[in-house]
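Architecture and fold: a report
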Amino acid sequence: MRSSDWNDSPVTENEDIYSVSEIAEALRHNLETEFPSVRIIGEIANFKAHASGHYYLTLRDEKNLIRIVIFKRNAYRLPFLPSDGMQVIASGRISFYGGTGQTQLIAENLVRAGKGASELQFRRTLQKLIDEGATGIDRKRAIPRFPEKIAVITSLSGAVIKDISNTLARRWPLARIVRVPAEVQGATAAGSIIRAFEETDSMEGIDCVILARGGGSIEDLWAFNLEETARAVLGSKYPVITGIGHEIDTTICDYVSDLRAPTPTAAAELAAPEIGQVKNDIANIIRILGKIADRGSLRRYNMLDLVMRSSVFPAIRHRLDYGMLQADEKQVRLENWWKGNRHDLLASSGNLCVRLDRTLIDRLGFVKEKTAARIRMLEGLYPLSILKRGYSFCTSDDGLRIISGTDNIGKGDNIAVNFHDGSAFCTVKDKRKGKMWRQNKASKIQ
């Protein structure tokens, strides 16, 4: 293409045109946002210690390379002097330097290859398990709220088992602790942990398993980063809580367990509730149920009282009085039972919590349905409900005597006819027994 052709190429008004600096800044911003913290393993080449105190080098593998810069403040803290041919892991952030048009890693630290190899193995094993879905939240099992039997896999000679046992005894003394010994450090630790899980899988009634170890170096904790150990945790018959090392330590077993705790003591706290809080919860539930029962009883009592005071149904007064007497007697017996058993009930709050947790919703639903059915029945007996359906009743003109049939009235008597919304004062012109009155020409009253 000729120069004149290039200059004459059309450019629309809406076409974006960027400067070199704008593109360089955009690349830098996007790279630093996308890769704020990475670790790269490779071989050092072209190392140079600048007079300014900065280190410049290239990190390469079989196919590619990336430039590394270590600023003076970080270079000063390195425990060794880098050199060409050294295998290292560089940690830092990816950036783009527009001055030379280079993508580079601004490194904050370098780690020798010995430790780097372990790190690479850790990453490969973890990524493999992630790809299989072993670390997904959807496969993690819930820890039972009120455990009765807890298996603890750890060394029985250290302080960890004592801390866990003391914590569980203080928080939830109702649980039984099953101690399963295992080596948690050294070349044979992985096999020992696997056998411990096989032992717990053969047990019955285990609610959860605690896999624990105290703090240590990465070499001390390495058994918990091996794939075979992680798969033993993953394949456990019962939910697993891991409490390995200190809060800053995260092993592959932590990633695949059902619940990760920062320390062994914290694992024990996550495995069981605090008994004092459970007792308070039970007391609150009992108080709430009492209020619900009181409100329901008051409503039913008011409905019964209304029916008993109605002159329309004097025949059921005795039956209702008898029913209320029975209800009062049951209430007295219930109160006496509660006073006599309250202490034992709260003392055995663990078992009660389990039972409440399993039956409370069903029981409340049953009581609610039963109460609603009784209220519907009472509302059906309520005089105004009957009168609203088109019925009425008659009384003497003074309202003191119910007229229950034609034998109770005579021609010329004054009576009151009562409806749901009022009454009418009437005089009897005639009466007829048997069929209901239908006015026609033959029977029309003159």
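What comes next is a walk through the structure. (Residues numbered from 1 in each chain as written. Predicted model: local features only at pLDDT ≥ 70, side-chain atom pairs only at ≥ 80, totals over all residues. Heavy atoms only, no water.)

**Let's talk about unusual backbone geometry**
Despite not being glycine, Asn46 has its phi angle at roughly 55°, a positive value. Following the sequence through the fold, Asn46 ends up in strand β1 (residues 38-49). (Helix = DSSP H or I, 4+ residues; strand = E, 2+ residues; numbered from the N terminus.)

**Quick word on the side chain of Ser236**
Within the fold, Ser236 resides in the loop between α7 (227-234) and β9 (240-244). Look at Ser236 and you get buried, because its relative accessible area is 4%. A polar contact of 2.8 Å, which involves the side chain of Ser236, links it to the backbone oxygen of Tyr238. Ser236 has contacts with Arg141, Phe197, Asp201 and Val209, leaving out every residue within four places of it along the chain. (Buried < 20%, exposed > 50% of the residue type's maximum accessible area, 1.4 Å probe, protein only. Polar contact = N/O pair within 3.5 Å; in protein donor to acceptor, adjacent residues only side chain to side chain. Contact = heavy atoms within 4.5 Å.)

**Observations regarding the nonpolar core**
Judged by nonpolar contacts, the single largest core of 31 residues is most densely connected at Ile153, Phe197, Val209 and Leu211. For this core, the secondary-structure elements that each account for two or more residues are α4 (113-132), β6 (149-154), β7 (176-181), α6 (189-201), β8 (208-213), α7, β9 and α8 (252-256). In terms of residues, this core owes the most to one element, α6, which gives 4 residues. Setting aside anything within four residues of it in sequence, one finds Ile153 in contact with Val180, Ala182, Ala196, Phe197, Thr200, Val209, Ile210, Leu211 and Ala212. Of all hydrophobic cores here, the second largest spans 23 residues; its members include Ala212, Ala261, Ala267 and Ile275. (Core = buried A, V, L, I, M, F, W, Y, C linked by side-chain atoms within 4.5 Å.)

**Remarks on the packing of aromatic side chains**
According to the stated counting rule, one finds 2 aromatic pairs in the structure shown. Their ring planes at 75° and their centres at 5.2 Å tell us that Phe47 and Tyr55 sit as a pair that is edge-to-face. With relative accessibility at 21%, the residue Phe47 sits in the partly exposed group. Taking the centre distance of 5.8 Å and the plane angle of 35° together, the rings of Phe146 and Trp172 count as tilted. With Phe146 in the loop between α4 and β6 and Trp172 in the loop between α5 (159-171) and β7, this pair connects stretches of sequence that are 26 residues apart. Here the two residues Phe146 and Trp172 agree in accessibility, since each one is buried. Sitting over the ring of Phe80, Arg112 keeps its end group 4.4 Å from the ring centre. (Phe/Tyr/Trp six-rings, centres within 6.5 Å; stacked < 30°, edge-to-face > 60°. Lys NZ or Arg CZ within 6 Å of the ring centre and 35° of its normal.)

**Description of the sheet that holds strand β14 (residues 422-427)**
One key point about sheets: their strands pair by backbone hydrogen bonds, in either a parallel or an antiparallel sense. Pairing is antiparallel across the open sheet formed by 4 strands, whose spatial order is β12-β11-β13-β14. Looking at the sheet topology across the chains shown, the edges are occupied by β12 (402-403) and β14. Pairing between strand β13 (residues 414-419) and β14: 6 bridges, direction antiparallel. The residue of β14 that forms the bridge with Phe419 is Gly422. (Pairing = 2+ DSSP bridges.)

**Quick notes on the environment of Thr395**
Here Thr395 lies in strand β11 (residues 393-396). C-alpha of Thr395 to C-alpha of Ala416: the two residues are 21 residues apart in sequence and 5.3 Å apart in space. Those residues in contact with Thr395, other than ones at most four positions away along the chain, are Arg401, Ile402, Ile403, Ile415, Ala416 and Asn418.

**Quick notes on the environment of Ala49**
In this structure, Ala49 sits in strand β1. The class for Ala49 is partly exposed, based on a relative accessible area of 48%. Each C-alpha atom of the pair Ala49 and Lys72 lies 9.8 Å from the other, and the pair is 23 residues apart in sequence. In this structure, Ala49 is in contact with His54 and Tyr55, ignoring residues within four places of it in sequence.

**Some words on the packing of α5 against helix α9 (residues 264-271)**
Contact geometry for α5 and α9: axes closest at 9 Å, N-to-C directions at 30°. Here α5 lies roughly parallel to α9, going by the angle between them. In the packing of α5 onto α9, the handedness of the crossing is right-handed. Across from Val160, Asp163, Ile164, Thr167, Leu168, Arg170 and Arg171 in α5, the residues of α9 making contact are Pro264, Thr265, Ala268 and Glu269. Here the contact of α5 with α9 is built from residues that sort into 5 nonpolar, 2 polar and 4 charged. (Axes fitted to C-alpha atoms, helices over the stretch in contact; angles between N-to-C directions. Parallel < 35°, antiparallel > 145°, perpendicular 65-115°, else oblique. Left-handed = near helix turned anticlockwise from the far one by under 90°. Nonpolar A, V, L, I, M, F, W, Y, C, P; charged D, E, K, R; others polar.)

**Observations concerning the sheet that holds strand β4 (residues 87-97)**
Spatial ordering of the closed barrel is given by β1-β2-β3-β5-β4, a layout of 5 strands whose pairing is mixed. With strand direction ignored, the average angle separating the axes of adjacent strands in the sheet is 55°. In this sheet, β4 lies alongside β1 in antiparallel orientation, the contact comprising 6 bridges. Bridge pairing in β4 links Val38 to Gly92. Contacts from helix α2 (residues 20-34) reach β4 and β5 (102-112) within the one sheet, and its direction differs from that of β4 by about 140°.

**A word on the side chain of Ser95**
Among the structural elements, Ser95 can be located in strand β4. If sequence neighbours within four positions are ignored, Ser95 has contacts with Arg28, Leu31, Glu32, Gln102, Thr103, Gln104 and Ile106.

**Side note on α5**
Along its 13 residues, α5 runs 18 Å from first to last C-alpha, staying within 8% of the 18 Å computed at 1.5 Å per residue. Val160, Ile161, Ile164, Ser165, Thr167, Leu168 and Arg171 are the residues of α5 that are buried. Down the axis of α5, the sector holding all buried residues measures 165°, keeping them to one side. Of the exposed residues in α5, those oriented more than 90 degrees away from the buried face are Lys162, Asn166 and Arg170. (Expected span 1.5 Å × (residues − 1). Arc of directions from axis to C-beta.)

**A look at the pattern of salt bridges**
The tally for this structure, following the rule as stated, stands at 7 salt bridges. Where Glu204 meets Lys237, a salt bridge forms, and the shortest distance between an N and an O atom there is 3.7 Å. Pair noted here: Glu204 is in the loop between α6 and β8 and Lys237 is in the loop between α7 and β9, with a separation of 33 residues, a long-range link. Using a relative accessible area of 58% as the deciding quantity, one classes Glu204 as exposed. Residues participating in the shared-partner salt-bridge network are Lys128, Glu132, Glu227 and Arg231. (Salt bridge = Lys/Arg side-chain N within 4 Å of Asp/Glu carboxyl O.)

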